[in-house]
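Here's the letter readout for the chains.
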Amino acid sequence: LGSVDVHQENLIAAGEHPVLIDAECLLSAMPEAQEHGLGLIRSGLLPAWSFAGRSGLPRNTGGLGPEPYPGAAGRRHLPVLNGQVADIRAHVDAVRQGFTATTAGWLARRDWLLDAAASPLQALQGARIRFVPRQTQAYALVLRSAATPTGLSDGRAFGIRLDALARGRLETSPPAPEAELVAAEREALARLDIPAFELRTDSTDVHLRGGGPTGFHVPRPAWPALRARLAEMSEAEVAAQASLLALALAAPSPVPPLPDAPVGSDALLIEAARQIAQALVDEALPGHDGAPAWLGPELDAGLEQVRDNLQHDLYGGTAGIALFLAAAARLAGAARGGPLALAALASLPRRFRNADGLGYGRGLGGMLTALVHGAALLGAPALLDQALALAVRAPAIAATGRDDLLQGRPGAILALLMLHEATGESAPRDAAIALGQALLPRLEGLPPAALLGTGLTGLSHGASGIALAMLALHECTGAAVWQGPALAGFAVERRQFDRQAANWPDLRHKAPARVFGGSWCHGAPGIALARLAALRALPEGQPDRAALREEAELALATTATLGEAIDDGLCCGTAGRAEVLLLGGIGLGRPDLLTAARRMMEGVLRRGVGDAYRLRPARPAGPVNPSLFTGRAGLGYQALRILAPTALPSLLLPRFPQPGPIGTRRDIPPA
């Protein structure tokens, strides 16, 4: 049916039977709900964890799933057996069998369901249904933000808060098709109403409830889409959905203890990587296109709401997981992950959409990086051919949002140059130059405070990432036009350095007191990485090398002494700091940093094994994140990086030369 909005507030349990009390979204017209393989994920039935409350404790908003923590409010949807709230995790096999049997009954009576006048589905033909473009809670959060004393006393402030709905939807040129929908949402919110939309199941026209048309049209009416889905449903798809259901409901499997190895032992690193790889192999689901898929948390726009579906990107999706599985197959003997990694990487070109953008995190830069490194790790040169075919799309991809390393052109520039070096083909280099030429006018004549147009310091979102992209173009082409903006970026960032804190401020925060980051994305660790990469790119004798070397040393010293990270991941956590110290130790010839990196990573792994590598601090009952930059695939990859840094590339930058003493110019060879 493609049902949506079947969350806990729309279910009430009558004893052991959960009953749907709001059926207006039983049949959905949302395009993503009509895709094969996504029905259960989009329905709202599966566990979905929100950490948005004041307590910080997880709250399961899904229609099914465990009670999040003792004493949690909102339990009316939970079934009761023998007077006790039933934990569905104790009944996963029964639920799976019931789902399979029920769906088999649909398939056995498919013709009758589709065509018989007595079929219950006939009541849905031409019916009015609700159209839910985003979670209702998102509207409540926007209104809560707008209806503050400041917002209500200043029309401009009120309007700016309402415009939060448009982020990511109206930044494209020409505007996305959702523009009409967002305008209608904004109009309703301006009246302090929660927007409600509806349409008929045989129409594509979306209307405001009780009002006129919005001008927005869904791609396909819900009724014929339902008929097509039922007609095409196969037993293999039912089996895949049953596996997804069981995986989403089950608790994480306990992880065996790590070997009682002394500090500095390779056995601990290898075993941890094997455990994580094995868990990811066991949790892989067959996607509708034959490529593997994984469940995991993703933050919804404007909400701290977790959805159990992963996209295909490097940062938080299947590309990053595949890259770790390829590394584990090569270095840790986890051979079962190799075929999964190859299938996932080979699917990237057909899954990538230009709307994914250019950046390293979720866009083209990340896709190319995964394909290039995957080709080397798996011995699969065909992946390089796919990367070349993907690279030619770069000029047609619009730069949207913040034009930084993670989201914009700098991330694509570095990845394209890496692809050029790996293949010798000129097309990726030419595409990188074209992107640089489009970026260059935005950097010329900017005041120092603009920090190359980002207004921020740091690597992933600030001036360092843009400066590295410019420096890489200079290194590749020899053209002086690129070196000036690169060195200027480092220079203006240098002026922001706070000697007392031995760190660079995180300028996202406008508080009177300066705030300092401690991760790859903001603060000393990312800036240390940028300076190390710059030292490799600049020749000996270049005047700026001394200042860059000093900054690298200062940033590494700060990284080594930072307090507890917010988690243990690669992006914002301890594993990312360990990678920075590893590169600093190799590049600057500092054995003390190598030792610190290993001890830091061993501590992460010993903590993680007791919590299924959920990433400390563990949020009780919350989901396990399988991804690379914010999940356990990143822990496994970093364990292997500590083990064999010359065999695996660093993933904190798309283009970083193989480790070696700084001052020796080395290209990236195959791993």
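Our structure is the block above this text.
So, here's what we can say about the structure. Not measured: the values here are computed from a predicted model.

Points about the packing of aromatic side chains
All told, the structure shown has 5 aromatic pairs when counted by the stated rule. Taking 6.2 Å as the distance between ring centres and 85° as the angle between the ring planes, the aromatic pair formed by Y360 and F629 counts as edge-to-face. Taken together, the residues Y360 in the loop between α13 (348–351) and α14 (364–378) and F629 in the loop between α23 (591–609) and α24 (632–643) connect sequence positions 269 residues apart. For the pair shown, Y360 and F629 are each scored as buried. Between F497 and W504, the aromatic rings sit 4.6 Å apart at their centres with planes inclined by 50°, giving tilted as the arrangement. Across this residue pair, the class does not change: F497 and W504 are buried. One aromatic cluster is present, built from ring pairs that chain together Y315, Y360, W520 and F629. Positioned over the ring face of W112 is R109, at 4.4 Å from the centre of the ring.

Re the side chain of S650
Its location among the elements puts S650 in the segment after α24. A polar contact is formed between the side chain of S650 and the backbone nitrogen of L652, at a distance of 3.4 Å.

What about the environment of G584?
With respect to the element layout, G584 can be found in helix α22 (residues 574–587). Of the residues examined, G584 reaches a relative accessible area of 0% and is grouped as buried. The contacts of G584, once residues within four sequence positions are left out, are L532, L556, G589, R590 and L593.

Brief notes about the pairing of strand β8 (residues 197–200)
Of the pairings in the sheet, the one linking strand β7 (residues 128–131) to β8 comprises 4 bridges and is antiparallel in character. Its bridge partner lying in β8, F131 is registered against F197. Judged from the 2 bridges that link them, β8 and strand β9 (residues 205–208) form a sheet pairing that is antiparallel. Pairing of E198 across the sheet is with H207, part of β9. A loop of 4 residues connects β8 with β9, the two strands running antiparallel in sequence.

Regarding the nonpolar core
Ranked by internal contacts, the top residues of the largest apolar core, which has 127 residues, are F324, L325, L368, M470, W520, L605 and F629. Among the elements that take part in this core, helix α20 (residues 524–537) stands out by supplying 10 residues, more than any other. If we skip the residues at most four places from it in the chain, M470 touches I413, G436, L439, L440, L443, W482, P485 and A486. Counting residues in each nonpolar core, the second largest holds 29 residues, with V142, L143, L226 and L230 among its members.

A look at the environment of P18
Looking at the secondary structure, you find P18 in strand β2 (residues 17–20). Exposure remark for P18: the relative accessible area of 38% places this residue in the partly exposed category. The sequence separation of P18 and G63 amounts to 45 residues, and the corresponding C-alpha distance is 8.6 Å. Dropping the residues within four chain positions of it, P18 is found in contact with I12 and A13.

A word on the environment of G83
For G83, the position within the fold is in the loop between β5 (80–81) and β6 (84–85). C-alpha of G83 to C-alpha of E16: the two residues are 67 residues apart in sequence and 9.8 Å apart in space.

Points about the sheet that holds β9
One open sheet holds the 4 strands; their spatial order is β7-β8-β9-β10, and the pairing between them is antiparallel. If you trace the sheet from one side to the other, it starts and ends with β7 and β10 (213–217), each paired once. The mean inter-strand angle of the sheet, taken between neighbouring strand axes irrespective of direction, is 35°. Packing of helix α7 (residues 179–190) onto the sheet brings it into contact with β7, β8, β9 and β10, and relative to β10 it is tilted by some 145°.

As for the packing of α22 against α23
Between α22 and α23, whose axes approach to 7 Å, the crossing angle comes to 160°. Here α22 is positioned roughly antiparallel relative to α23, judged by the angle of their axes. Relative to α23, α22 is oriented so that their crossing is left-handed. For the pair α22 and α23, contact is made by T574, A575, R577, A578, L581, L582, G584, G585 and I586 and by L593, L594, A596, A597, M600, M601, V604 and R607, respectively.

Cut-offs used in this document
Residues numbered from 1 in each chain as written. Predicted model: local features only at pLDDT ≥ 70, side-chain atom pairs only at ≥ 80, totals over all residues. Heavy atoms only, no water. Phe/Tyr/Trp six-rings, centres within 6.5 Å; stacked < 30°, edge-to-face > 60°. Helix = DSSP H or I, 4+ residues; strand = E, 2+ residues; numbered from the N terminus. Buried < 20%, exposed > 50% of the residue type's maximum accessible area, 1.4 Å probe, protein only. Lys NZ or Arg CZ within 6 Å of the ring centre and 35° of its normal. Polar contact = N/O pair within 3.5 Å; in protein donor to acceptor, adjacent residues only side chain to side chain. Contact = heavy atoms within 4.5 Å. Pairing = 2+ DSSP bridges. Core = buried A, V, L, I, M, F, W, Y, C linked by side-chain atoms within 4.5 Å. Axes fitted to C-alpha atoms, helices over the stretch in contact; angles between N-to-C directions. Parallel < 35°, antiparallel > 145°, perpendicular 65-115°, else oblique. Left-handed = near helix turned anticlockwise from the far one by under 90°.

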